[in-house]
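# Coordinate inspection notes
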Amino acid sequence: MTAIAQAQTAPRRFARISKNRLNLYLDLMLVLAFVVDLELRFTGLQIHELLGVFFGAALVIHLILHWSWIVSLTRTFFKKLVHESRLNYVLNIALFADVATLVVTGILISRTLGLDLSAVQQSSRAIEQIHRLTADLSLLIVALHVALHWKWIVTHARKYLLPGRQAAH
Amino acid sequence: MARRRKLNGIIGVLILIAVVAAGGIALAATGNLENPLRVLTTSSGGGEGFQDRDREGFTPPAQQDGTATTVAERGGGAEGRGGSSDSIQWSQIGSVLYDVWVILAVTAVVVLVGTPIGRTIKWLRQRGAPVPAT
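Residues numbered from 1 in each chain as written. Chains lettered and ligands numbered in written order. Predicted model: local features only at pLDDT ≥ 70, side-chain atom pairs only at ≥ 80, totals over all residues. Heavy atoms only, no water.

The secondary structure content of chain B amounts to four helices and zero strands. Helices (α) and strands (β) of chain B occur, in sequence order from the N terminus, as α-α-α-α. In chain B, buried positions account for 31% of the 134 residues. Carbon and sulfur atoms provide 64% of the accessible area of chain B, an area that totals close to 8,400 Å². (Helix = DSSP H or I, 4+ residues; strand = E, 2+ residues; numbered from the N terminus. Buried < 20%, exposed > 50% of the residue type's maximum accessible area, 1.4 Å probe, protein only. Areas by Shrake-Rupley, 256 points an atom, 1.4 Å probe, with all protein chains shown as cover.)

Okay, here's the thing in C-alpha cells:
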C-alpha cells in the first residue's frame, strides 16, 4: 500500500471539535464560573477578582462564537421576526450591558489585582454600589437567558454528555 | 418518533420540576432559601441583595445582627472568621447552590408558563389565518 493510501486510511488523531460541543462546554464553564464568582463569601476576595477577570475573557469568547447570530439578528430586528427571537435579543442586550458593567466596575474597585486606579478612589463607594446592584440583577437575567435557551442546552447536553450517546459523536 | 420526542420533553420538564422542588426543600431546610424576587423590591443603598442575605445555617455568630455589609467589608471580614480571604470558604457552598437553584427555578417557570402561552398564540394565529380560496 502506498504512503498516500496509508495516510488516507489511518485514523484521524486530531478530529475537529464540533462548534456545538465547544459552545456547550464553554457555556457550562461560564455558568459554573458565574455562580461561584457571585458569592464573595465562598470564594474570598482574591479568587473572586481573578475569577471575575477570567469570566470576562470567557464572555468575550462566548460573544465571538455567537457573532454571526448577533449580526444577523441585529439586521433583521425591526423586520419580520419571531417574537421569541426578538425577546431573546433584547434580553441578551440587557445581559451584555449588565455583565459588562459588572466586570468593569469590579476591575475598577479591585484590591488584589495590583491595579492602582487612584482616579476612581473618590467614587469607589458609588462604583461598589453599582457593582452590587448589577451582580444582584445578573442572576435573574442569566436565569432568564438559560431558560430561553433551555431546549438547546438539553438537546446538546444529551448529545455530548450522556455516555451512550457520546460514543456516537 | 415525534410522539417519543414529545414524551421525552415532558419527562425532562417533570425531572426539572422535581429537581427544583427537591432543591428548594433542601435549601429551606439548611436556611439558604430566600425569595429571588426580593432584590427587585429593595434599593441598592440600604436594602438587601443576594450578596447581603443572611443564612441561619451559615452565618457566623459575628454577623447575625442582620446589618448590611459592603463588598469590601465582607471581603475583609472573611479573614476575621478564622479563614483567609484568599481561600474558599466551603461553609458558604449553600450560597452557590442557591444561585444554581434560582437559575433552575426560573427555567422551570419559563417552561411551564411559556409553553401554554406559545401554544395559545399559535392557536389564535391559526384561527385568524385567512381561509385559502377554493
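Now that the structure has been shown, the text picks up again.
With that settled, the discussion passes to the overall build of chain A. The helix and strand inventory of chain A stands at nine helices and zero strands. In chain A, buried positions account for 38% of the 169 residues. A fraction of 65% describes how many contacts in chain A between residues 6 or more apart in sequence connect residues 24 or more apart. For chain A, the computed accessible surface area is about 10,600 Å², with 68% contributed by carbon and sulfur atoms. (Contact = heavy atoms within 4.5 Å.)

Residues and elements named next belong to chain A. In this structure, histidine 156 sits in helix α8 (residues 150-160). Polar side-chain contacts of histidine 156 include one of 2.9 Å to the backbone oxygen of tryptophan 152. Contact partners of histidine 156, with chain neighbours within four places excluded, come to Asn20, Leu24 and Leu161. (Polar contact = N/O pair within 3.5 Å; in protein donor to acceptor, adjacent residues only side chain to side chain.)

Assignment of secondary structure puts A:Val31 in helix α2 (residues 19-37). A:Val31 sits 24 residues away from A:Phe55 along the chain, and the two C-alpha atoms are 9.5 Å apart.

Let's shift gears to the packing of aromatic side chains. The description of an aromatic ring pair rests on the distance of the ring centres and on the angle between the ring planes. Tallied over the full model, the rule gives four aromatic pairs over all chains. Ring geometry for A:Phe34 against A:Phe55: centres 6.0 Å apart, planes inclined by 35 degrees, an arrangement best described as tilted. Within this pair, whereas A:Phe34 is found in helix α2, its partner A:Phe55 is found in helix α4 (residues 45-65), the two being separated by 21 residues in sequence. Overall, A:Phe34 belongs to the buried group, its relative accessible area being 4%. Relative accessible area serves as the criterion here: at 10%, A:Phe55 is assigned to the buried category. Aromatic side chains A:Phe42 and B:Trp90 sit 5.3 Å apart centroid to centroid with 85 degrees between the ring planes, which places their arrangement in the edge-to-face category. Placement of the pair is A:Phe42 in helix α3 (residues 40-43) and B:Trp90 in the loop between α3 (71-80) and α4 (93-128), with the two residues belonging to separate chains. (Phe/Tyr/Trp six-rings, centres within 6.5 Å; stacked < 30°, edge-to-face > 60°.)

Right, let's talk about the nonpolar core for a bit. The biggest cluster of nonpolar side chains holds 36 residues, and the ones touching the most others in it are A:Phe34, B:Trp101, B:Val102 and B:Ile103. Secondary structure elements with two or more residues in this core: α2, α4, α6 (83-108) and α7 (124-148) of chain A together with α1 (2-29) and α4 of chain B. At nine residues, the largest contribution of residues to this core is made by α4(B). Excluding residues that lie within four positions of it along the chain, B:Ile103 makes contacts with A:Val31, A:Val35, A:Leu139, A:Val142, A:Ala143 and A:Val146. (Core = buried A, V, L, I, M, F, W, Y, C linked by side-chain atoms within 4.5 Å.)

Residue and element names in this part refer to chain A. Orientation of α2 relative to α8, taken along the N-to-C sense of each, is 110 degrees, at an axis distance of 10 Å. Comparing their axes, α8 and α2 come out roughly perpendicular. Residues Asn20, Arg21, Asn23, Leu24, Tyr25 and Asp27 of α2 pack against Trp152, Ile153, His156, Ala157 and Tyr160 of α8. A per-class count over the contact of α2 with α8 returns six nonpolar, three polar and two charged. (Axes fitted to C-alpha atoms, helices over the stretch in contact; angles between N-to-C directions. Parallel < 35°, antiparallel > 145°, perpendicular 65-115°, else oblique. Nonpolar A, V, L, I, M, F, W, Y, C, P; charged D, E, K, R; others polar.)

Now for the side chain of A:Asn88. With respect to the helices and strands, A:Asn88 occurs in helix α6. Discounting residues that sit within four places of it in the chain, A:Asn88 has contacts with A:Trp69, A:Leu148 and A:His149.

All names here are of chain B. Together, Ile10, Leu14, Ile17, Val109, Leu112, Val113, Ile117 and Ile121 make up an exposed nonpolar region whose accessible area comes to about 680 Å². Of all the secondary-structure elements, those providing two or more residues to the nonpolar patch are α1 and α4. Top contributing element to the nonpolar patch by residue count: α4, with five residues. Counting through the fold element by element, leucine 14 comes out in helix α1. (Patch = residues over 30% accessible without salt bridge, like charges linked within 9 Å, V, L, I, M, F, W, Y side chains within 5 Å. Salt bridge = Lys/Arg side-chain N within 4 Å of Asp/Glu carboxyl O.)

Take the packing of α4(A) against α6(A) next. Packed helices, taken two at a time, are described by the angle their axes make and the gap between the axes. All names here are of chain A. Running from N to C, α4 and α6 point in directions that differ by 150 degrees, and their axes come no closer than 10 Å. For the crossing formed where α4 meets α6, the hand is left-handed. Contacts from Gly52, Phe55, Gly56, Leu59 and Leu63 of α4 reach α6 at Phe96, Val99 and Val103. Of the residues belonging to the contact of α4 with α6, the class tally is six nonpolar, two polar and no charged. (Left-handed = near helix turned anticlockwise from the far one by under 90°.)

Residue and element names in this part refer to chain B. With 57% of its residues at a pLDDT of 70 or more, chain B shows a mean pLDDT of 68. Ranking the elements of chain B by mean pLDDT puts α3 last with 37 and α4 first with 87. Every residue in residues 52-84 is under pLDDT 50, and counting partners more than four places away or in other chains gives 57 contacts. Complex prediction metrics read pTM 0.73 and ipTM 0.79. (pLDDT = per-residue confidence, 0-100.)

It is worth spelling out the confidence of the model for chain A at this point. Averaged over all residues, the pLDDT of chain A equals 82, while 83% of them reach at least 70. Between the elements of chain A, mean pLDDT differs from a low of 57, seen in helix α1 (residues 3-9) of chain A, to a high of 91, seen in α7(A).

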